[in-house]
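# Architecture and fold: a report
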Amino acid sequence: MAGDLPTTEFDDIPEELLYELEALAHERTEGHVNMVQLLDEEGRFLNRSHFAERASALSVDELRALYRDMAMIRRFDAEATALQRQGQLSLWVPVRGQEAAQIGSGRATLPQDYIFPTYREHGVALTRGVELGELLRQFRGVSNGGWDPRQNNFHLYTLVLAAQVPHAVGYAMGLQRDASRAAAAGRAAPDPAAVVAYFGDGASSEGDIHESMVFAASFKAPVVFFCQNNQWAISVPTQVQSRIPLHNRAKGYGFPGLRVDGNDVLAVHAVTEWALERARSGKGPVLIEAYTYRQGAHTTADDPTKYRLTAEEESWLAKDPITRFEKFLRAEGHADEAFFAEVAAEGEALAAKSRRDVLAFEAPSLAAEMQNVYAERHPLVDEELAWHLEYQAGFADADTDSVEGGH
Amino acid sequence: MPTMTLAKAINAGLRDALAADEMVMLMGEDIGALGGVYRVTEGLKAEFGEDRVVDSPLAESGIVGTSIGLSLRGYRPVGEIQFDGFVFPAFNQITTQLAKLHARSRGQLTVPVTIRIPYGGGIGSVEHHSESPEALFAHTAGLRILTPSNPHDAYWMTRHAIECEDPVIVFEPKRRYWLKGEVDLESPGTSADPFRAHVVREGADATIVAYGPLVPVALAAAEAAAEDGRSVEVVDLRSLSPIDFDTVTASVQKTGRLVVAHEAPTFGGLGGEIAARVSERAFLSLEAPVIRVGGFHMPYPVSKVEGQYLPDIDRILEALDRAFAY
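Note that the structure is a prediction, hence the values are computed from the model and not measured.

Another aspect to go through is the overall build of chain A. When helices and strands are counted, chain A shows 18 helices and 7 strands. Expected size for 407 residues packed as a compact globule is a radius of gyration near 22 Å; at 23 Å, chain A falls within 12% of this value. Expressed as lengths along the three principal axes of its C-alpha atoms, the size of chain A is roughly 80 × 55 × 40 Å. Looking at chain A as a whole, 45% of its 407 residues qualify as buried.

Before going further, it helps to examine the overall build of chain B. Secondary structure summary: chain B contains 12 helices and 14 strands in total. Against the 2.2 N^0.38 benchmark of 20 Å for 326 residues, chain B shows a C-alpha radius of gyration of 19 Å, consistent with a compact globule. Its C-alpha atoms give chain B principal-axis dimensions of about 60 × 40 × 40 Å. Residue pairs in contact within chain B that sit at least 24 positions apart in sequence constitute 79% of those at least 6 positions apart.

Another point: the environment of Val142(A). All names here are of chain A. As for its placement among the helices and strands, Val142 is situated in the loop between helix H6 (137-140) and helix H7 (149-152). In the structure, Val142 is positioned 124 residues away from Leu18 in sequence and 48 Å away in space, judged by C-alpha atoms. Residues in contact with Val142, not counting those within four places in the same chain, are Arg137, Phe361, Glu362, Ala363 and Pro364.

Successive residues of a regular strand alternate their side chains across the two faces of the sheet. Residues and elements named next belong to chain B. Within strand E10 (residues 206-210), 5 of the 5 residues are buried, which leaves it mostly tucked inside the rest of the structure. After leaving E10, the chain enters helix H8 (residues 215-227) and then returns to the sheet as strand E11 (residues 232-236), a path that is right-handed. Two strands pair when backbone bridges link them, and E10 and strand E13 (residues 258-265) are joined in this way by 3 bridges, in the parallel orientation. Pairing of Thr207 across the sheet is with Leu258, part of E13.

Attention now moves to the sheet that holds E10(B). Residues and elements named next belong to chain B. Here we have 5 strands laid out as an open sheet, ordered E9-E11-E10-E13-E14, and mixed in their pairing. Both edges of this open sheet fall to strand E9 (198-201) and strand E14 (291-295), since each of them pairs with a single strand only. The mean angle between the axes of side-by-side strands here comes to 25°, regardless of whether they run parallel or antiparallel. Two strands pair when backbone bridges link them, and E9 and E11 are joined in this way by 3 bridges, in the antiparallel orientation. Within the sheet, the bridge partner assigned to His198 lies in E11 and is Asp236. Helix-sheet contacts for helix H10 (residues 270-281) involve E10, E13 and E14, and the interaxial angle to E13 is about 155°. Along the sheet, helix H12 (residues 313-324) makes contact with E10, E11, E13 and E14, crossing E14 at roughly 160°.

As a further point, take the interface of chain A and chain B. The interface of chain A with chain B comprises 36 residues on the first partner and 35 residues on the second. Only H7, helix H8 (164-184), helix H9 (207-219) and helix H17 (379-393) of chain A provide two or more residues apiece to the side of chain A that touches chain B. By residue number, the principal contributor to the side of chain A that touches chain B is H8(A), which donates 12 residues. The residue inventory of the side of chain A that touches chain B, partitioned by class, reads 17 nonpolar, 12 polar and 7 charged.

So, on to the sheet that holds strand E6 (residues 257-261) of chain A. Residue and element names in this part refer to chain A. The 5 strands lie next to each other as E1-E2-E3-E7-E6, forming an open sheet whose pairing is parallel. If you trace the sheet from one side to the other, it starts and ends with strand E1 (114-116) and E6, each paired once. Taking the axes of each pair of neighbouring strands and ignoring which way they run, one obtains an average angle of 20° across the sheet. Examined bridge by bridge, E1 and strand E2 (residues 195-200) share 3 bridges and lie parallel to one another.

Residue and element names in this part refer to chain A. Where H8 meets H9, the axes come as close as 8 Å, and the angle between the chain directions of the two elements is 15°. Taken together, the axes of H8 and H9 are roughly parallel relative to one another. Here H8 runs over H9; the crossing is left-handed. Contact residues: Val165, Pro166, Val169, Ala172 and Met173 in H8; Asp208, Ile209, Glu211, Ser212, Phe215, Ala216 and Phe219 in H9.

With that settled, consider the packing of helix H3 (residues 60-85) of chain A against helix H15 (residues 337-360) of chain A. A pair of packed helices can be characterised by two numbers: the angle between their axes and the separation between those axes. Residue and element names in this part refer to chain A. Running from N to C, H3 and H15 cross one another at 40°; their axes reach a closest spacing of 9 Å. Seen from above, H3 lies across H15 with right-handed handedness. When H3 is examined against H15, the residues Arg64, Tyr67, Arg68, Ala71, Met72, Arg75, Phe76, Glu79 and Leu83 are found in contact with a partner set consisting of Phe339, Val343, Glu346, Gly347, Leu350, Ala351, Ser354, Arg355 and Val358. Across the contact of H3 with H15, the residue classes break down as 10 nonpolar, 2 polar and 6 charged.

Residue and element names in this part refer to chain B. Once the domains are mapped, chain B shows domain 1 (3-190) and domain 2 (198-324). If you average the C-alpha positions of domain 1 and of domain 2, the two centres end up 26 Å apart. At the junction of the two partners, domain 1 supplies 23 residues and domain 2 supplies 20 residues. Contributions of two or more residues to the side of domain 1 that touches domain 2 are made by helix H6 (134-138), strand E6 (144-146) and strand E7 (168-173). When its residues are assigned to classes, the side of domain 1 that touches domain 2 shows 7 nonpolar, 10 polar and 6 charged.

Right, let's get into the confidence of the model for chain A. All names here are of chain A. Per-residue confidence for chain A averages 92 on the pLDDT scale, and 93% of its residues sit at or above 70. A low-confidence stretch, residues 1-9 stays under pLDDT 50, and its non-local contacts, those more than four residues away or across chains, total 13 contacts. Every residue in residues 403-407 is under pLDDT 50, and counting partners more than four places away or in other chains gives 5 contacts.

Below, the discussion takes up the pairing of strand E5 (residues 114-119) of chain B. Residue and element names in this part refer to chain B. Among the 6 residues of E5, 6 are classified as buried, and the element is accordingly described as predominantly covered. Side chains Thr114, Arg116 and Pro118 project from E5 onto one buried face, and the interleaved Ile115, Ile117 and Tyr119 project onto a second face that is buried too. Taken together, the 3 bridges between strand E4 (residues 76-80) and E5 define a ladder with parallel strand orientation. Bridge assignment links Gly79 to a residue of E5, and that residue is Ile115. Judged from the 6 bridges that link them, E5 and E7 form a sheet pairing that is parallel. Of the residues in E7, the one forming a bridge with Ile117 is Phe171.

Another point: the nonpolar core. Generally speaking, nonpolar side chains in soluble globular proteins are found buried as a group. Counting 196 residues, the largest nonpolar core has Val223(A), Ile288(A) and Val259(B) as the members making the most contacts within it. Those residues in contact with Val259(B), other than ones at most four positions away along the chain, are Ala206(B), Ile208(B), Ile291(B), Val293(B), Ile316(B), Ala319(B), Leu320(B) and Ala323(B).

Under the domain assignment, chain A is made up of domain 1 (34-360) and domain 2 (366-405). For domain 1 of chain A versus domain 2 of chain A, the separation of C-alpha centres amounts to 40 Å.

Here we take up unusual backbone geometry. Ser241(B) connects to Pro242(B) through a cis peptide bond whose omega is 0°. One can find Pro242(B) in the loop between strand E12 (239-241) and helix H9 (245-255). If you check the backbone angles, Gln231(A) has positive phi at about 80° while not being a glycine. Summarising the element assignment, Gln231(A) is placed in the loop between strand E3 (223-229) and strand E4 (232-233). Positive phi, normally seen in glycine, also occurs at Asp30(B), with a value near 65°. Assignment of secondary structure puts Asp30(B) in the loop between strand E2 (24-28) and helix H2 (44-48). By the C-beta count within 10 Å, which is 16 here, Asp30(B) ends up partly exposed.

Cut-offs and rules
Residues numbered from 1 in each chain as written. Chains lettered and ligands numbered in written order. Predicted model: local features only at pLDDT ≥ 70, side-chain atom pairs only at ≥ 80, totals over all residues. Helix = DSSP H or I, 4+ residues; strand = E, 2+ residues; numbered from the N terminus. Rg over C-alpha atoms; globule rule 2.2 N^0.38 Å. Buried ≥ 20, exposed ≤ 12 C-beta atoms within 10 Å, placed from the backbone. Contact = placed C-beta atoms within 7 Å. Right-handed = clockwise from strand over helix to strand, strands pointing away. Pairing = 2+ DSSP bridges. Axes fitted to C-alpha atoms, helices over the stretch in contact; angles between N-to-C directions. Nonpolar A, V, L, I, M, F, W, Y, C, P; charged D, E, K, R; others polar. Parallel < 35°, antiparallel > 145°, perpendicular 65-115°, else oblique. Left-handed = near helix turned anticlockwise from the far one by under 90°. Domains from an automatic or database assignment. pLDDT = per-residue confidence, 0-100. Core = buried A, V, L, I, M, F, W, Y, C linked by C-beta atoms within 7 Å.

Next up, the structure:
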């Protein structure tokens, strides 16, 4: 079994896990998906995976926090969708259905880790402590970023598919050099850290994913490739992106890949925690394919009724990550009605605050934007800025309406 | 003051940058043991180790993309694109990511990445090895673009590019890699500001603006014109973004005539931008339309006929004739 894998690359992996990974790589029966799963659809704990003990190690508080995070991001997401429908945002990218994949993976990161998101990682942003209202600036049209990436080690959203993934690998190569420079200088080693590169099943076809995986494998960079396979790249199903399970591609690059039930927050957390520990300890990259579903539209401009069946959507609703985890918490006696009511109230408060934040955003001046094009002085920018300011000043005596018309 | 080739001057610039700052590192295809296909990085891996002089996988987007990530971690990567025509797999990373990160982060992030690209023709090479794509990058806000024409500038532009907080593309004129000249390693002298154009020959009757590989050609044309009694000034642009229009304008105000020469195709090339700016700034000084000399609107030709495609002394003289005909 293990003979199929280049085992010399995976010496650190215990034999029983190697066996599990290999088993995951094969689809045995039509319609059945092999993946790491710790909770079934009814929220019953399954103690059959190598990763189960990691989930068992979580405290009740940690379990409740995972639920809380998922519920918060779902409520926030609903509010943002409403804001778009009401004309307050030009676009929104809903995350509904992918909460477990994002909260589970994000909560497995440590503060010193660095995250490179796509444009849908609202849940991961929450786990990194990013003020959620900041995520809405881009969609309100007042910023192309919104938060300081260095504050939470959470990079800005990237809208060009897969373009952030080589950045993640480069950042991980930087972490490697930090460690070797410290060693050479006799300084204390920095806290071991790793990078998580998020992307989706659609982006997996981009050349940047291939180049990133080659670099990461060749240099054994401490990066976890976290692919949320939400089944649809706008209107194109995953089968058009890949004829094999996506996680199997890792083997071709020479590092482990595995598929996890992306709607099972415990499984996602356990698998990501393992992959990050492995990366931080210098054993190189891992590809995680989180098998999940985009319950809503790709963006608020999309119409899924044109390309997918209601029956499919309904079958995935039965696998909903939050409902499933709620069942687990209730059945295990980890949370009671009061807890869920408290979380719901907190969600309402978050939604209200986010709405207030959005309505209070101020547009930047074009002049300020011009000044941020370069870090150092640039004469063409200076010249155009001076012209722009003078032109605008020409409207100073006009009424407010014509000043706005001048922009 | 040592005399060295332009390639050696870049090598010295890279070595001194690596020695001066432990965050500087090089990455590219074949730049390690081989020292690069033009040997520009020769000896650097042996001196600074494989962590700092990285033989990358053969993937240009990966070179630029990972360089961006390294710069976000505080490093100052210098990526080498092996040949001009091979930059396009990295075009997305350069234009949508590298050029924009400072702006989209409102100045919170800087990406001090340097990209070295040997460019231009005239060496009898095969397809995709002789191109001049600089206008595509000059058109992109957020990038700075330098191109040296002599060893002294090559050394100091390399140093300045690496020290700059903005991303800088250095287009290296590959057919001048073997051009020798004195390099003052102690002081940049008049090259202290890499973004200023230099008047490299004074003249009174016409100006030739050129850069990179065509500066020696422009100087030779000016010399030939002098034999016909025409006093021609030559401006080495040096920086293609920003362009030092003050120096260009001042020269045209003095001479009244302007010829712009570059190897890149004339249509949509930097010559058009320079002509437009000069007509705005010095319209009343112009005795003739600005004349452009450049490549034709065609893919770079096979090398047996590249001599007819590339601007040479005669084509610049012909352009001067046209300018003087007014």
